[in-house]
Amino acid sequence: MTSGESVTVPAPDRKRPHRLAVMLRSQMRNIAPFLTLICLFGFFAAASPSFATLDNLGNILTQISVTGIIAVGLTFVILCAEIDLSIAAIANVTGIAVAYFTLQESYVNIANVPMPGWAAILLALALCALLGLVNAFGLTVIGIPSFIMTLAMMQIAAGISALLVRGQIAYKVPPLVTTLGSTSIGGIPWIVIVAALMLLGGHLVLTYTRFGRYVYMVGGNREAAEYSGLNVKLILGSVMVISAVCAGIGGMLGVAHFGSAQQNEFDTYLLDSIAAVVVGGTSLFGGRGGIGNTIVGLFVLGVLNNGLDHVNIDSFLKILIRGLILLAALVINVYAQRLRERTAE
């Protein structure tokens, strides 16, 4: 450099967003549900002295357990950018099936087929796995979109339920199912423990196994996953079966928890499970989120439903509030996806 030359210092790029702002945008899908949970908990704790107690925390955990079990499998499906609308119907038919194969009291007017408890459980699990396989076959072999395929399966499972009980109510289930669904150990309900173990198992699979990485790859960029040699259809079929089996386990324990098996018993769990996954921040477009997000979403819904009961809100208004929170979660989900696409550009 000579003495006559000048050094030009480039001006800072004022259009480039701050690194912190970029990080906050990229994590908005995770941060928003957690902040929502904190705000809801703080509001209800201030509004009702009976809300923020250990006993009520136990109530919340019990109330979200069945939804949590079903939502584990649904998380796998949504991470692959698919949907399963048959989970509630499969939960219902599995719960009815395990009761159908259990000896009922004489006053129960159902022409069922009594079997040993272990056989009833295995047959019920086989049924939900079979229904999941049918979903997988329709999605991966025939090429029916998951929305339509699982919508049809919802009707099929509901029809099986109707044929098994014919409008009647069954009450008895195998002793193991009764124990896990309606008893406690050390003051902790078994159904809470089962839900926690299944959520933990789902998290470990998605985070630390090759199959979990494949699930994120399929959901994140399906074409790239195919070009890399990944068997995408096998992954998609697997998550549909996982979803059905998780729904079936939730249905069996739910029947024991509620004390009866009947038609349409789990209808509300379709919306609850989808809401838990989506409100928690798992992307509807696939490839982003996980079981941790689902756990946050479960607590958001649990705190909301339980808290509204403590402040004596009109039951119809409660439904409206839940719908508004789900809508807000969907808006955040879509907006976060757009920010991700802009950042990628």
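The name recorded for the protein chain in an unreviewed UniProt entry is ABC transporter permease, from Bradyrhizobium retamae. Turning to the protein chain, the UniProt annotation filed under Subcellular location (unreviewed entry) states: "Cell membrane".

**Q** When you look at the layout of surface pockets in this model, what are you seeing that I'm missing?
**A** To find leftover empty space, one rolls a probe the size of a water molecule over the atoms. Taken as a whole, the second largest pocket spans an internal volume of roughly 270 Å³. Lining the second largest pocket are 13 residues, with Gln-63, Thr-67, Asp-272, Asn-305 and Arg-322 sitting closest to its centre. Counting only elements with at least two residues in the lining of the second largest pocket, the list comes to helix H13 (269–279), helix H14 (291–310) and helix H15 (315–344). In the lining of the second largest pocket, the residues fall into five nonpolar, four polar and four charged.

**Q** What am I meant to see in the nonpolar core here?
**A** As a rule of thumb, soluble globular proteins bury nonpolar side chains together. The biggest cluster of nonpolar side chains holds 93 residues, and the ones touching the most others in it are Ile-90, Val-98, Val-177, Val-215 and Val-218. Among the elements that take part in this core, helix H12 (residues 232–258) stands out by supplying 13 residues, more than any other. Excluding anything up to four places from it in sequence, Val-177 contacts Val-98, Ile-121, Met-252, Leu-253 and Ala-256.

**Q** Would you mind showing me how to read empty space enclosed by the protein here?
**A** Using the criterion set out here, one finds one cavity of 30 Å³ or more in the structure. If you add up the space inside the largest cavity, you get close to 30 Å³. In this structure, the largest cavity is lined by Ile-96, Ala-99, Tyr-100, Gln-104, Ile-110, Val-165, Ala-170 and Ala-261. It is helix H5 (residues 87–100) that provides the largest number of residues to the lining of the largest cavity, a total of three residues.

**Q** Help me out: how do you make sense of the packing of helix H6 (residues 117–142) against helix H7 (residues 146–165) in this one?
**A** Packed helices, taken two at a time, are described by the angle their axes make and the gap between the axes. In contact at an axis separation of 9 Å, H6 and H7 are set at 150° when each is read in the N-to-C sense. With respect to H7, the element H6 is oriented roughly antiparallel. The handedness of the crossing between H6 and H7 comes out as right-handed. Here Leu-131, Val-134, Asn-135, Gly-138 and Leu-139 of H6 lie close against H7, whose contacting residues are Ser-146, Met-149, Thr-150, Met-153, Ala-157 and Ile-160. Tallied by class, the residues present in the contact of H6 with H7 amount to seven nonpolar, four polar and no charged.

**Q** Got a minute to help me understand the UniProt feature "transmembrane region" (unreviewed entry) in the protein chain in this structure?
**A** UniProt tags residues 31–54, 60–78, 85–103, 115–134, 146–167, 187–209, 230–254 and 316–336 as "transmembrane region" (unreviewed entry). Annotated as residues 115–134, this span is 90% helix and 0% strand, and its ends, taken at the C-alpha atoms, are 26 Å apart. Between the C-alpha atoms that bound residues 230–254 there is a distance of 37 Å. The span itself is 92% helix and 0% strand.

**Q** Could you clarify how one ought to interpret the packing of helix H4 (residues 65–79) against helix H9 (residues 190–208) in this entry?
**A** Contact pair H4 / H9: the axes reach a minimum separation of 7 Å and the direction vectors enclose 15°. In this view, H4 runs roughly parallel relative to H9, as classed from their interaxial angle. Once H4 is placed against H9, the crossing between them reads as left-handed. Together, Ser-65, Val-66, Gly-68, Ile-69, Val-72, Thr-75, Phe-76 and Leu-79 of H4 and Ile-191, Val-192, Val-194, Ala-195, Met-198, Leu-199, Gly-202, Val-205 and Leu-206 of H9 make up the contact between the two elements. In terms of residue class, the contact of H4 with H9 is built from 13 nonpolar, four polar and no charged.

**Q** Explanation requested: the environment of Asn-312 in the structure shown.
**A** Secondary-structure assignment places Asn-312 in the loop between H14 and H15. A sequence separation of 264 residues divides Asn-312 from Ser-48, and the C-alpha atoms of the two residues are 9.8 Å apart.

**Q** Please clarify how the pattern of salt bridges should be interpreted in this entry.
**A** Note that side chains of opposite charge can pair when their charged atoms are close. This model, assessed by the stated rule, comprises one salt bridge. Residue Arg-222 is joined to Glu-82 by a salt bridge in which the shortest nitrogen-to-oxygen separation is 3.0 Å. Of the two residues, Arg-222 is situated in helix H11 (residues 222–227) and Glu-82 in the loop between H4 and H5; the sequence distance between them amounts to 140 residues. Residue classification places Arg-222 among the partly exposed residues on the basis of a relative accessible area of 28%.

**Q** Teacher, can you tell me more about unusual backbone geometry here?
**A** Note on backbone geometry: most residues besides glycine have negative phi, and most peptide bonds are trans. Phi angles above zero are rare outside glycine, and Arg-166 is one such case at about 50°. On the basis of relative accessibility, which here comes to 62%, the residue Arg-166 falls in the exposed class. Even without being glycine, Asn-264 reaches a positive phi, approximately 65°. Locating Asn-264 in the fold gives a position in the loop between H12 and H13.

Reading the values: the criteria
- Residues numbered from 1 in each chain as written.
- Predicted model: local features only at pLDDT ≥ 70, side-chain atom pairs only at ≥ 80, totals over all residues.
- Heavy atoms only, no water.
- UniProt positions renumbered as here; feature names shortened; annotations may be inferred.
- 1 Å grid on protein atoms, 1.4 Å probe; cavity = no way out; pocket = protein on both sides within 12 Å on 5 of 7 lines; lining within 4 Å.
- Points joined across faces, edges and corners; volume = space filled by probe spheres on them.
- Helix = DSSP H or I, 4+ residues; strand = E, 2+ residues; numbered from the N terminus.
- Nonpolar A, V, L, I, M, F, W, Y, C, P; charged D, E, K, R; others polar.
- Core = buried A, V, L, I, M, F, W, Y, C linked by side-chain atoms within 4.5 Å.
- Buried < 20%, exposed > 50% of the residue type's maximum accessible area, 1.4 Å probe, protein only.
- Contact = heavy atoms within 4.5 Å.
- Axes fitted to C-alpha atoms, helices over the stretch in contact; angles between N-to-C directions.
- Parallel < 35°, antiparallel > 145°, perpendicular 65-115°, else oblique.
- Left-handed = near helix turned anticlockwise from the far one by under 90°.
- Salt bridge = Lys/Arg side-chain N within 4 Å of Asp/Glu carboxyl O.

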